[in-house]
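# Examination of the molecular architecture
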Amino acid sequence: MTAAAVETKIPASAEWMRPGRVAVLLFAVLSLVAFLLPDGVLPAWTRQLPAEFRIGLDTWISAALKWLVEDATFGLFTFKDLTRGFAQLLNVPLDIATSILSTGLLDGRGSSAIQLAPPLPWIAVVGVVAALGYRFGGSKLALLAGGAFLYLAVFGQWASAMLTLSSIVVAAPLGIAVGLATGVAGYRVPLLRRIITPILDLMQTVPTFAYLIPILFLFGFGPVAAMIATMIYAAPPMVRVTMAALEGVPREIVEYGTMAGTTPRQMITKVMLPAARPQLLVGVNQVIMLSLNMVIIASMIGAGGLGFDVLTSLRRLDIGRGLEAGLAIVVLAIALDRLSQAYAAGARKRDAEGGLKPFLFGLAAFVAVTYLLALFVPPIATYPEALQISTAPFWTDAVKWINVNFFNVFDAVKTFILLNLLLPVKRFMMAQPWPLVAAMVGYAGWRLGGARLAALVVGLALFPVVTGQWDYTMMTVYLCGISVVVAALIGIPIGIYGGLSPRAWRVIEPAIDTLQTLPSFVYLIPAVMLFRVGDFTAMLAIVLYAVAPSVRYAAHGIRNVPTMLMEAGTSMGCTQKQSLRHIQVPVALPTILLGINQTVMLALSMLVITALVGTRDLGQQVYMALTKADTGKGLVAGLCVAAIAIIADRLIGAAAQKLAAQRSGAVDAT
Amino acid sequence: MTNTATLVCRNLWKLYGPEPERFLAKHGPSPTEAALRSAGLVSAVADASLSIERGEIFVIMGLSGSGKSTLVRCLSRLIEPTGGEVLFEGVDLLRASPADLIELRRHKMGMVFQHFALLPHLSVLDNVAFPLEIRGLGRSEREKPAREMIELVGLQGREHNLPYQLSGGQQQRVGIARSLITDPDVWFLDEPFSALDPLIRREMQNEFMRLQDQLHKTIVFITHDFEEAVRVGDRIAIMREGRIVQVGTPEELVRAPDNDYVAEFTRDAPRSKIFSARSIMRAPRTGEAVAGVIPAASKVRDFAAKVEASELPFGVANEAGEQIGVVDRRAVMSILVGAGEPA
Ligand SMILES: Nc1ncnc2c1ncn2[C@@H]1O[C@H](COP(=O)(O)OP(=O)(O)OP(=O)(O)O)[C@@H](O)[C@H]1O
Ligand SMILES: [Mg+2]
């Protein structure tokens, strides 16, 4: 292979664009024309279909739900009885958890309640967490987990944190159980699996808020509804993980199970699930993390605790308090993440060592002793207030100081970017008529994946049109698109650098790991702190939340460039820069594209959260629907977000596949 | 040991591809290769007929991908055959209900797997006791036999280890112990020693022979190694592209391979371990003196040195002690030299 061959071969893999260049140019010109035409030249229906052509999906959904709640009956009992009963049933474990961790055993309700028995003393909880840390991961993890919980006590977040924790210790196991059962059913019954998979796909793309609304409608406002929402949000990965894990059980093990004469039930419970345990535990970790991710969102429909604190402080723009509670969520998230990961990683080894019984016995004894002591020694029961440290004033002052001294700088930056980037792009996007956008999307689908993909994406693109959400959708595309571009521009170079230099990666990896552990909401806090509300703030929060996959995939792609190709480059005398430009980046491009795809998904899921800072897109629509409990409207807006997500996912996926196919062709040919 | 067939299959087929059952129904019990190919079907097992006798070690061998595993899985109905018949102790296995199959497998079949297939979450003891556990036996009822089996395979002291703490050879001992705990009538072993390194493999083969001397199971043993087949097998079936091309004792295969494929397998076979005195003897000349007597069944390797060193031939005696022929130096040499083996 000669240098010239490299020159021509790799850019040649962009060949699929060539026959379409004219079309692309044409679309660009049309877009520009649409942008430059004065208002009113294009007929109004290109922006908003007249009412008689729209589908009243939102009113139908609302009516259907209303009928369900008000009129539906199964003869003996009504649908409402059913949901009530369900809520009451779920309330039992939640009540128990809350009593143990937070309120103590109460008699009566509200402020007139009398405490019959106090909750667990803080020392007991910190001790248990540290002991678990020790058992799962040695003294380092004990220190981390115990320290995290100690932090919650010292910094005055204990009460809220325990409320949040009690919701998680119920929601996560329930989500795991539901996910596991669904996954097993999907594995056993292929038909069921074909139904479950697309639903899971959809649930992953519909923003969380959208399904808060029907839950609110069915179960009312309160901790139980919030817990159900958390469960529904967190269970899907468990379903997927379960199906994949069962599928991944080595064939010989399944055959052994059969030859041993297991019944179908024994096969699942005694052979396959235990054999798949390490993979299943990965799902457990995901469920826990997603439950935490829901903490703030769930507080919108009645969950108390840290999420509620963050939400109320954000609404009051009380930066100090918000930051304090947000940090507490982060601390809790990190502790639970590391604990569950260590649990998963060491499960088999601990089985071999045994000693579970003495451990549990010791733990129980410790809890009992501290509990009894706490009855007589108050500081053991609750962390003394005098020793608490509140960082809220510090944060408030810090932000004040920053704002006093740097307000002009921040404001200038913000105004500059708003005027020169955000607003022009926004005007451009808002000027695009839907027939043109649908045509462009369809054309891209056709070039990348053929007629079927084209039909799918055009169909999805028309959904917002016929449901009358076009303007909000374009607003969403604008905010999301620009955030993704910024995230990619920041993330990909960092990723490439990390891919090239293992030393840099050692710094980058934990940073993006942490970015991905944090609940999406907390990104809003510093953004709001420094830039107040508005599109710029929203963009900043989205970029922070969504940048991690761009970094990770880029690094991964660069690292996995075949050494053979690199050596070929070196032997041809490529400089490091040349080989990066002509070999590594082009070969890694499919992987980089997949990273961008993930970034798009995260950006879209962050969207609704940024509605809190006053964006005017689909997210805002969902949020408003939530406050008015307007199920139909919320779901329709949510489905529009899902439509954008699916279009982006399929198009980028198809492009990556196409590129990868050409790349591997090029590699084989060498 | 009575000589009745325990496991019989007739015209057994396993086809992969589009609508294999319909194809087989249309083309009768023995479709041609051309018809198969044009239908886009792959035959993992093609028209296999076998009869495995009680108490024998029946070896199935062939190159990788020749369909050995598929055949043995059809015999135990781990894989549903596309067509044909499988009779297990006179019962039509392919008509057995799921409940019958579970019963059969719990009591009459045992299987050992190439990659051990131990349950990773169970200790050695629990792995061995597992077949009893799923039958619903209590802890004490199942642990006693499990400990006995563990002792039988020489793993005492390892009862509470988990599989990942054992070496490959030890893991396969667990696999063997657990497949024998139900005292099965038929014992399937799918390349049980292939994943082990040569020294351990040899040791395990010896173990296996020792066990069989005690247990006298009916065994279906799969291997792709002709030497192993010769060491353990009473009879060997050679497979090629799903078909059984020849069945016979090691000696029959080496002496009279049906085709080049079989000949290729047997070419490097250790002939001195395969040929017996009976098969290389000649009729004695009248009045020929003999230096001694050799049993007819003993292998060349065992008497080669003796015959070599002697000027006179040795007499060959049948079980009744009657002389039925003689072996001389030349006969022995031709076996040794023909195999290219040093004496
Ligand atoms: N599920 C399947 N679908 C399609 N073809 C299959 C399937 N299972 C097996 N085959 C084919 O059947 C043939 C026989 O496979 P089998 O596993 O029985 O071979 P084997 O003799 O056991 O080989 P090895 O020594 O590698 O274990 C192979 O050509 C294989 O490709
Ligand atoms: Mg095999």
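Residues numbered from 1 in each chain as written. Chains lettered and ligands numbered in written order. Predicted model: local features only at pLDDT ≥ 70, side-chain atom pairs only at ≥ 80, totals over all residues. Heavy atoms only, no water.

Moving on, we come to the site of ligand 1. All names here are of chain B. Close to ligand 1 lie Tyr-16, Ala-44, Leu-63, Ser-64, Gly-65, Ser-66, Gly-67, Lys-68, Ser-69, Thr-70 and Glu-191. Contact distances for ligand 1 include 2.9 Å between an oxygen atom and a side-chain N or O atom of Lys-68. Between ligand 1 and Glu-191 there is a distance of 3.0 Å, counted from an oxygen atom to a side-chain nitrogen or oxygen. With the chains in place, 61% of the 630 Å² that ligand 1 exposes on its own is no longer accessible. Considered class by class, the residues forming the shell around ligand 1 number 3 nonpolar, 6 polar and 2 charged. (Near = heavy atom within 4 Å. Polar contact = N/O pair within 3.5 Å; in protein donor to acceptor, adjacent residues only side chain to side chain. Areas by Shrake-Rupley, 256 points an atom, 1.4 Å probe, with all protein chains shown as cover. Nonpolar A, V, L, I, M, F, W, Y, C, P; charged D, E, K, R; others polar.)

Hydrogen bonds between backbone atoms are what pair the strands of a sheet, whose relative direction is either parallel or antiparallel. Residues and elements named next belong to chain B. In spatial order, the strands read β2-β1-β4-β5; together these 4 strands make up an open sheet with antiparallel pairing. Where the open sheet ends on each side, the last strands, each with one partner, are β2 (42-53) and β5 (91-92). Judged from the 2 bridges that link them, strand β4 (residues 83-88) and β5 form a sheet pairing that is antiparallel. Bridging from a neighbouring strand, Leu-87 pairs with Asp-92 of β5. Sheet strands in contact with helix α3 (residues 68-75) are β1 (5-16), β2 and β4, and its direction is about 120° off that of β1. (Pairing = 2+ DSSP bridges. Helix = DSSP H or I, 4+ residues; strand = E, 2+ residues; numbered from the N terminus. Contact = heavy atoms within 4.5 Å. Axes fitted to C-alpha atoms, helices over the stretch in contact; angles between N-to-C directions.)

All names here are of chain A. The domain boundaries assigned to chain A delineate domain 1 (3-30 + 414-434 + 468-669) and domain 2 (91-104 + 119-389). Each of domain 1 and domain 2 has a C-alpha centre, and these two points are 31 Å apart. The interface is formed by 31 residues belonging to domain 1 together with 33 residues belonging to domain 2. Here domain 1 and domain 2 share an interface that buries about 2,700 Å² over both sides, 85% of which is from carbon and sulfur atoms. By the criterion of area lost to domain 2, the three top residues of domain 1 are Phe-521, Ile-525 and Leu-626, representing 23% of everything that side buries. Counting every contact that joins domain 1 to domain 2 gives 0 salt bridges. Linking domain 1 to domain 2 there are 0 residue pairs in polar contact (both at pLDDT 80 or more). Those elements that provide at least two residues to the side of domain 1 that touches domain 2 are α21 (502-517), α22 (524-531), α25 (576-610), α26 (618-628) and α27 (631-669). Examining the composition of the side of domain 1 that touches domain 2, we find that 9 residues originate from one element, α27, more than from any other. Among the residues forming the side of domain 1 that touches domain 2, the class breakdown is 24 nonpolar, 6 polar and 1 charged. (Domains from an automatic or database assignment. Buried area = accessible area lost by both parts, 1.4 Å probe. Salt bridge = Lys/Arg side-chain N within 4 Å of Asp/Glu carboxyl O.)

This part takes up the confidence of the model for chain B. Within chain B, residue pLDDT values average 89, and 97% of them lie at 70 or more. Below pLDDT 50 for its whole length, residues 339-343 of chain B participates in 7 contacts with residues either more than four positions away or in separate chains. (pLDDT = per-residue confidence, 0-100.)

Turning our attention to the environment of Ile-200 of chain B. Along the chain, Ile-200 of chain B falls in helix α8 (residues 198-215). A sequence separation of 124 residues divides Ile-200 of chain B from Ile-324 of chain B, and the C-alpha atoms of the two residues are 40 Å apart.

All right, on to the domain arrangement of chain B then. All names here are of chain B. Taken domain by domain, chain B holds domain 1 (54-82 + 92-108 + 184-269) and domain 2 (272-336). Here domain 1 and domain 2 have C-alpha centroids that lie 31 Å from each other. Roughly 550 Å² is buried in total at the junction of domain 1 and domain 2, and carbon and sulfur atoms are behind 64% of that figure. Among the residues domain 1 hides against domain 2, the three largest losses belong to Glu-251, Val-254 and Arg-255. Together they make up 67% of the total. The interface formed by domain 1 and domain 2 includes 1 salt bridge.

Looking now at the nonpolar core. Across soluble globular proteins, nonpolar side chains have a tendency to be buried as a group. If you look at the biggest cluster of nonpolar residues, it comprises 222 residues, and the most contacted ones within it are Phe-149 and Phe-521 of chain A together with Leu-71 and Phe-188 of chain B. The element that contributes the greatest number of residues to this core is α27 of chain A, accounting for 16 residues. Beyond its immediate sequence surroundings of up to four residues, Phe-188 of chain B is in contact with Met-259 of chain A together with Leu-7, Val-72, Leu-75, Ser-76, Met-109, Gly-110, Met-111, Val-112 and Val-220 of chain B. Leu-118, Ile-219, Tyr-261 and Phe-265 of chain B belong to the second largest nonpolar core, which has 60 residues in total. (Core = buried A, V, L, I, M, F, W, Y, C linked by side-chain atoms within 4.5 Å. Buried < 20%, exposed > 50% of the residue type's maximum accessible area, 1.4 Å probe, protein only.)

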